[in-house]
Amino acid sequence: MELQAVLMAAGGGSRMPDLTYNTPKPMLPVGNKPLMWHPLNLLERVGFEEVIVITTKEVQKMMSTDPKMKDVKMKLDVVCIQEDGDMGTADALRHIQQKIKTDVLVVSCDLITDVALHEVVDLFRAHNATLAMLMSKAHDFTETVPGQKGKKKTGEQRDFVGVDQSGKRLLFMANEADLEDGLSIRKSIMRKHPRMHIKTGLVDAHLYCLKKAVVDFLADNKSISSIRGELLPYLVRKQFSKTTNCPKSKDDADDQTQKTADGSTNSTELLICSRDEPLLQLAQERSCWNDHRGDMSEAYHGGKLRCYVHIMDQGLCYRVNTLAAYIEANRLASKLLEEPAVHPSAVISERCQMGPDSIIGAQCQVADKTSIKRSTIGNSTTVKEKVKVTNSIIMHGVTIEEGCNIHGCVICSNAVIGRGADLKYCLVGNGQQIEAEGEAHSFHTSTFNMLSLFSPPTVTRGT
Amino acid sequence: KEEKQRLRKEKKQQKKNKEKNDEKTSHEEQPAGSASQPPAQPSPKAVPVPASEAPAPADKPAKSKADLKAERRARQEAERASKGKKGDVGQPAPTGKLKAPPSELQPVVKRLPEHVQVDNPEVVKKLAKKLERQQIPLRSDYGYKVSLFSHLHQYSRKAPLTQQLGIPSTVIHPAIVRLGLQYSQGIVAGSNARSVALLHAFQQVIRDYTTPPNEELSRDLVNKLKPYISFLNQCRPLSASMGNAIKYIKKEISNIPSQCKEEEAKIKLLNCIERYINEKIVLAAKAIAKYSIEKISDGDVILFPPNCSFNVTISTSISSSLVNHILCEAFEKKRKFRVIVVDSRPRLEGREALRRLVQKGISCTYVLISAVSYILPEVSKVFLGAHALLANGYVMSRVGTSQIALVAKAFNVPVLVCCETYKFCERVQTDSFVSNELDDPDDLIVTRKGKTQLEHWQKVPSLGLLNLVYDVTPPDFVDLVITDLGMIPCTSVPVVLRVKNVDQ
């Protein structure tokens, strides 16, 4: 077997608390399918037959009842971990170390992309890499996010990614938070790769191909708890560290026995030797290929640990971990899905104007004289007459009474929007009720503050 | 019953003879005649064996009847054994008639690889059907092909075969997928490197192999390897050395006795592979280096201080790993010489060769092939590497080699070809058109000063880009071939092949 897929679905969605208050992040609907369906669909399309899903018990319960998840034909091996426990992604990998028999492909549940996965995996295979990851040029989110006053700069910390001339080999990775004074690059890297491109506008897709040796290494090193935050920078740095680059003139077997004999002191070393190393070495010697030129060293500078990255410049790649990303993803979900935008069981009256970008879920009822443009409407939602819905995301079980005007909003499940309400850029929480004839602009509701509006339209602002 | 057998065999022989006449080379017939005399076996045995070594086309339609034939064979063998005849021919060789030559009667009719015929739609259809059966995607050709070479495949590096495979590849072993990718991207290039990498991948396949129930390892493993070989062929056409290595492995696998336990069989096969690599590649390189060093030193070594011009200047063409190795060894043996490395676009493999020589401390000069006639007056010997040596003495090597040999002949400079015996091939070719390899034409596109002139070459209807990989050098231009068996003239290649077949 070549690769095992692991889906990390235990994240809390800490950056969108209003949305995830009732629904855990992996089950948030995007294009009327749960969020975790999208990476699973990607894996299924590419040819995987089994996926190990690491998630919480709550999500597992929801998964078993959700009809859309039944569409997934692969065998899902669900591993539950504690919700309150502070388990990072690397801790989760360590937890399932027994199940990992070969190289892993780790995917995050909030990734929505149409990347040709073979590009990432080919890098992993062809160069015998230890790590291959996917990154994408970040797109600015153009939609106004409900609940935010104006276009607030999110203040996300930037990632600095250094790649070599070919754009494939990953040389350097650091987050702005870790750099205090400035960016310092070791001389050994500069000597080996004198031309380095440093990019900042990249989004890490959280899709990693890791060698099995890395998982074993994690099992020994309990101090690493996050793949993205700690493991990746460690691996990227280790490419150029002296210990892994010393030419091993001894036999392979001797190496391994020596290392295990030393036991505790050397357990932190990452062993990347493979069997038949002398044969591979011979093949490389006889091959007239080098990955760089201009200096006297052999291919890959003799280094065994190699990290590669595939940077997508075209195509969709979104990580749905903020509200803005969530909205954007819903917009584009119709492009990704092959199913018809309007579910066959939805009842839509003839005098309804529906734009091509909209998605209507199952068992919806849309009455006359409504206009639905660029919106996503969830399952079992009722939209009464004369409602105008634009640029909005309406989740399941929502009732929208007559005459409402909803623009740029996110309305969570089971909410009720009273008659004649006029909502712009609002976020209505789960099960909320908006009273009739209310008007709100850029408002957030959650279970704690009930929105009550009086009949004469008053504009209220708040968070 | 015996008569029935004989009738059946005669009928078979007739059918095979008809197809044998379609074979291209005639020299097989002669050794066929001579080799069947020496083993003094009763004639019924001599008859079925040449018939059974029939060429490949016969095997394909008979694939579906292979089981029936195997049963018939088993029955024949049982009858033969019961009649008290020697059981040496009746070895368990159920892998089909092709792959199991009995030990005494030599496989005198060799199966030659068929020529690629991409412009013949029937052949393409047959190939597509075969690939579909083996569940391997068909790689589509790319771009406009120059009409003289339209019968060859031309693939694009940007469209790897893995695009059409599922990601955790279940049909094809991951080591083979990795190898195919490395071939198509040029990470493993050069016939020695490719063969070693291939054998390494086969080792992994054998290690991970388990015999399914009711199957024999000797038959099933060979069948498992067939789709892998098709896959590798799709990624990049197999080289002659790889073909020989594969033949060897298949023979070894089919020679495993059926009583052998799986573990023992696997260990035996792994050892065979190690031995093959050791003997045919590593030790052969050492032997060739030993012979060549004699040639280098022969009257030309002058122990001058380094800044004087030497008498021995050697020109190395277009990067052969073997010639590199020889020169490094010669340098270690303290021969004084100077090397001129000749390189050519688009591969520019000479740069890597240059790096390795300079790293050792050899003083080198680097020229492109267009400067060969300028630099040849300074040269005392030309060393060439070979991709394969054909049975009529022609040397198949990287494109440009025949040019260098021609110019060297014009200047009366001796040309020495270094080649291991495992690269000797039974094919015959007199020109570079019939069987060659077309590389990605986009490799010829180069960006200088920010401008890429050939970027839209596909839109120009009268323009075709041709990126040939191999060419053949006639034996008139080659003075000596240095092999691990010694230094032989080019025309002795068929003799070596015959000797090799008898040995095996």
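As the structure is a prediction and not an experimental result, all values here were calculated from the model. Counting restarts for each chain, with residues numbered from 1 along the sequence as it is written. Just so you know, chain letters begin at A and ligand numbers begin at 1, following the order they were written in. Restriction of local features to residues with pLDDT of at least 70 applies here, the model being predicted, together with a cutoff of 80 or more for giving and counting side-chain atom pairs; totals for whole chains, interfaces and linings are based on all residues. The side-chain numbers reported here are obtained from all heavy atoms of the structure, hydrogens and water having been left aside.

## A word on the overall build of chain A
Spelled out, the test is: Secondary structure elements are taken from DSSP: a helix is a run of H or I of four residues or more, a strand is a run of E of two residues or more, and numbering for both begins at the N terminus. For every residue, the accessible area obtained with a 1.4 Å probe (protein chains only) is divided by the maximum for its type, and the residue is called buried under 20%, exposed over 50%, and partly exposed between those limits. Residues count as neighbours in contact if any of their non-hydrogen atoms are within 4.5 Å of one another. The Shrake-Rupley method, run with a 1.4 Å probe sphere, supplies the accessible areas, and residue values consider only the shown protein chains as cover.
Assigned secondary structure in chain A consists of eleven helices and 31 strands. When each of the 463 residues of chain A is scored for burial, the buried share is 53%. In chain A, once contacts between residues fewer than 6 apart in sequence are set aside, the share between residues at least 24 apart is 55%. Carbon and sulfur atoms form 49% of the exposed surface of chain A, whose accessible area is close to 21,100 Å².

## Points about the pairing of strand E3 (residues 364-368) of chain B
For a regular strand, side-chain orientation follows a simple rule: the groups alternate between the two sheet faces. All names here are of chain B. Test applied: Each pair of strands is called paired provided DSSP finds at least two bridges between the two strands. Note on handedness: a crossover is taken as right-handed if, strands pointing away from the viewer, the path from the first strand over the helix to the second is clockwise.
Sheet topology places strand E2 (residues 338-343) next to E3; five bridges connect them, and they run parallel. By the bridge assignment, valine 341 is partnered in E3 with tyrosine 366. For the crossover from E2 across helix H14 (residues 350-360) to E3, the handedness is right-handed.

## Structural notes on the pattern of salt bridges
Residues and elements named next belong to chain A. Stated precisely, the cut-off is as follows: Salt bridge criterion: a side-chain nitrogen from Lys or Arg within 4 Å of a carboxyl oxygen from Asp or Glu.
Summed over the entire model, instances satisfying the criterion amount to 27 salt bridges over all chains. Put simply, aspartate 77 and lysine 99 hold a salt bridge, and the shortest N to O gap is 3.1 Å. In this pair, aspartate 77 sits in strand E5 (residues 75-80) while lysine 99 sits in the loop between helix H3 (89-95) and strand E6 (103-108), placing the two residues 22 residues apart along the sequence. Since its relative accessible area comes to 25%, aspartate 77 is described here as partly exposed.

## Details of the side chain of Asn330(A)
Residues and elements named next belong to chain A. Relative to the assigned elements, asparagine 330 resides in helix H11 (residues 323-336). On the accessibility criterion, asparagine 330 (2% relative accessible area) is buried. Beyond its immediate stretch of four places on either side in the chain, asparagine 330 contacts Pro29, Val30, Gly31, Thr376 and Ile393.

## So, the sheet that holds strand E29 (residues 427-428) of chain A
Sheets are built from strands that pair by backbone hydrogen bonding, the pairs being arranged parallel or antiparallel. The five strands are arranged E17-E20-E23-E26-E29 (chain A) in an open sheet whose pairing can be described as parallel. Among the strands making up the open sheet, the edge pair consists of strand E17 (359-360) and E29 of chain A.

## Some details on the interface of chain B and chain A
Short version of the rule: Accessible surface is computed with a 1.4 Å probe, and the buried area is the amount of it that two parts give up when combined, taken over both parts together. N or O atoms closer than or at 3.5 Å make up a polar contact, with two conditions inside protein: a donor-capable atom paired with an acceptor-capable one, and, for residues adjacent in sequence, both atoms drawn from side chains. For this scheme, ten residues count as nonpolar: Ala, Val, Leu, Ile, Met, Phe, Trp, Tyr, Cys and Pro. Four count as charged, namely Asp, Glu, Lys and Arg, and the remainder, Gly too, count as polar.
If you look at the interface, chain B gives 40 residues, while chain A gives 33 residues. Across the interface of chain B and chain A, roughly 3,300 Å² is buried in total on both sides, 60% from carbon and sulfur atoms. Considering only the surface of chain B that becomes buried against chain A, Ile167(B), Pro168(B) and Ile187(B) emerge as the three largest contributors, covering 21% of it. At the junction of chain B and chain A, the tally comes to zero salt bridges. At the junction of chain B with chain A, the criterion picks out twelve residue pairs in polar contact (both at pLDDT 80 or more). Those elements giving two or more residues to the side of chain B that touches chain A turn out to be helix H8 (174-184), helix H9 (191-207), helix H12 (262-297), helix H13 (321-332) and H14 of chain B. The biggest single contributor to the side of chain B that touches chain A is H9(B), with eight residues. Partitioning the side of chain B that touches chain A into residue classes produces 18 nonpolar, 15 polar and seven charged.

## A short note on the packing of helix H10 (residues 277-286) of chain A against H9(B)
Selection criterion: Axis angles are defined between N-to-C directions and span 0 to 180 degrees, where every axis is a line fitted to C-alpha atoms and, for a helix, only to the segment in contact. For classification, angles of less than 35 degrees are called roughly parallel, those exceeding 145 degrees roughly antiparallel, those between 65 and 115 degrees roughly perpendicular, and all remaining angles oblique. Two helices that cross are described as forming a left-handed crossing if the nearer one is turned anticlockwise from the farther one by less than a right angle, and a right-handed crossing if clockwise.
Their axes nearest at 7 Å, the elements H10(A) and H9(B) cross at an angle of 160 degrees. Comparing the axis directions of H10(A) and H9(B) gives the class roughly antiparallel. Taken as a pair, H10(A) and H9(B) cross one another with a handedness that is left-handed. Between H10(A) and H9(B), the residues in contact are Leu279(A), Leu280(A), Leu282(A), Ala283(A) and Arg286(A) and Asn192(B), Ala193(B), Val196(B), Ala197(B), His200(B) and Gln203(B), respectively. Each residue belonging to the contact of H10(A) with H9(B) can be placed in one class, and the counts come to seven nonpolar, three polar and one charged.

## Thoughts on the side chain of Arg228(A)
All names here are of chain A. Considering the arrangement of structural elements, one finds arginine 228 in helix H7 (residues 227-238). A distance of 2.2 Å separates a polar atom in the side chain of arginine 228 from a polar atom in the side chain of aspartate 204. Residues within four places of arginine 228 in sequence aside, it is in contact with Thr89, Met135, Asp159, Met173, Asp204, His206, Tyr208 and Pro233.

## Observations regarding the UniProt feature "domain: EIF2B subunit epsilon/gamma LbH" (unreviewed entry) in chain A
Here is the rule: UniProt positions are given in the numbering used here, feature names are shortened, and annotations may be inferred rather than shown by experiment.
If you check UniProt for "domain: EIF2B subunit epsilon/gamma LbH" (unreviewed entry), the listed places come out as residues 345-436 of chain A in our numbering. The distance separating the terminal C-alpha atoms of residues 345-436 of chain A is 29 Å; by composition the span is 0% helix and 39% strand.

## Quick look at helix H16 (residues 401-410) of chain B
Among all positions in H16(B), only Thr401(B), Ser402(B), Ile404(B), Ala405(B), Val407(B) and Ala408(B) are buried. Phi turns positive, to about 60 degrees, at Asn412(B), one or two residues after H16(B).

## Focus: the state of the cysteines
Note the following rule: A pair of sulfur atoms, both from cysteines and within 2.5 Å, is called a disulfide here.
Counting across every chain of the model gives zero disulfides over all chains. Here Cys260(B) stays unpaired: no disulfide links it, and the sulfur of Cys272(B), its closest cysteine neighbor, is 11 Å away.

## A look at the sheet that holds strand E5 (residues 388-389) of chain B
Residue and element names in this part refer to chain B. Pairing in this open sheet of three strands is antiparallel, and the strands run E5-E6-E10 from one edge to the other. Each edge of the sheet is formed by a strand with only one pairing partner; in this case those strands are E5 and strand E10 (470-473). As paired strands, strand E6 (residues 395-398) and E10 are joined by four bridges and run antiparallel to one another. Each residue of the ladder has a partner; that of methionine 396, found in E10, is valine 472.

## Thoughts on the packing of H8(B) against helix H10 (residues 217-235) of chain B
Residue and element names in this part refer to chain B. Packing of H8 against H10 brings their axes to within 8 Å, and their N-to-C directions diverge by 20 degrees. Classified by the interaxial angle, the pair formed by H8 and H10 is roughly parallel. Note that H8 runs across H10; the crossing there is right-handed. Contact with H8, carried on its side by Ile176, Val177, Leu179, Gly180, Tyr183 and Ser184, involves Tyr228, Phe231, Leu232 and Cys235 of H10 and no other residues of that element. Looking at the contact of H8 with H10 residue by residue, the classes come out as eight nonpolar, two polar and no charged.

## Some details on the packing of aromatic side chains
In plain terms, the rule: Between 30 and 60 degrees the pair is tilted, below 30 it is stacked and above 60 it is edge-to-face, where a pair is any two Phe, Tyr or Trp rings, Trp via its six-membered ring, whose centres lie within 6.5 Å. Either the NZ atom of lysine or the CZ atom of arginine qualifies as a charge over a ring when it sits within 6 Å of the ring centre and within 35 degrees of the ring normal.
Inspection of the entire model under this criterion finds six aromatic pairs over all chains. With a centroid separation of 4.4 Å and 25 degrees between ring planes, the pair formed by Tyr248(B) and Tyr276(B) is classed as stacked. On the criterion of sequence distance, the pair formed by Tyr248(B) in helix H11 (residues 240-254) and Tyr276(B) in helix H12 is long-range, its members being 28 residues apart. For Tyr248(B), a relative accessible area of 16% corresponds to the buried category. With a centroid separation of 6.3 Å and an interplanar angle of 90 degrees, the aromatic rings of Tyr276(B) and Tyr422(B) are classed as edge-to-face. A residue pair is termed long-range when its members are at least 10 positions apart, and Tyr276(B) in helix H12 and Tyr422(B) in the loop between strand E7 (415-418) and strand E8 (447-448) qualify at 146 residues. The ring of Trp37(A) has Lys33(A) lying over it, and the distance from NZ or CZ to the ring centre is 4.8 Å. Of note, Arg306(A) hangs over the ring of Tyr300(A), and the distance from its end group to the ring centre comes to 3.8 Å.

## So, the nonpolar core
For soluble globular proteins, nonpolar side chains are generally found buried alongside one another. Selection criterion: Among buried residues, the Ala, Val, Leu, Ile, Met, Phe, Trp, Tyr and Cys ones that are joined through side-chain atoms within 4.5 Å form a nonpolar core.
One finds Ile172(B), Ile176(B), Leu198(B), Phe202(B), Leu225(B) and Phe231(B) to be the most contacted residues of the largest nonpolar core, which totals 49 residues. Those elements that provide at least two residues to this core are H10 of chain A together with H8, H9, H10, H11 and H12 of chain B. Once you skip the residues sitting within four places of it in the chain, Leu198(B) turns out to touch Leu179(B), Tyr183(B), Leu232(B), Met242(B) and Ile246(B). Among the nonpolar cores identified, the runner-up in size contains 46 residues, and Ala5(A), Ala205(A), Leu207(A) and Tyr308(A) belong to it.

## Topic: H9(B)
Convention followed: Each helix should span, by expectation, one fewer than its residue count multiplied by 1.5 Å.
Here H9(B) is 17 residues long and its end C-alpha atoms lie 24 Å apart, about the 24 Å a rise of 1.5 Å per residue gives. Of all 17 residues in H9(B), 15 are buried, a share of seventy percent or more.

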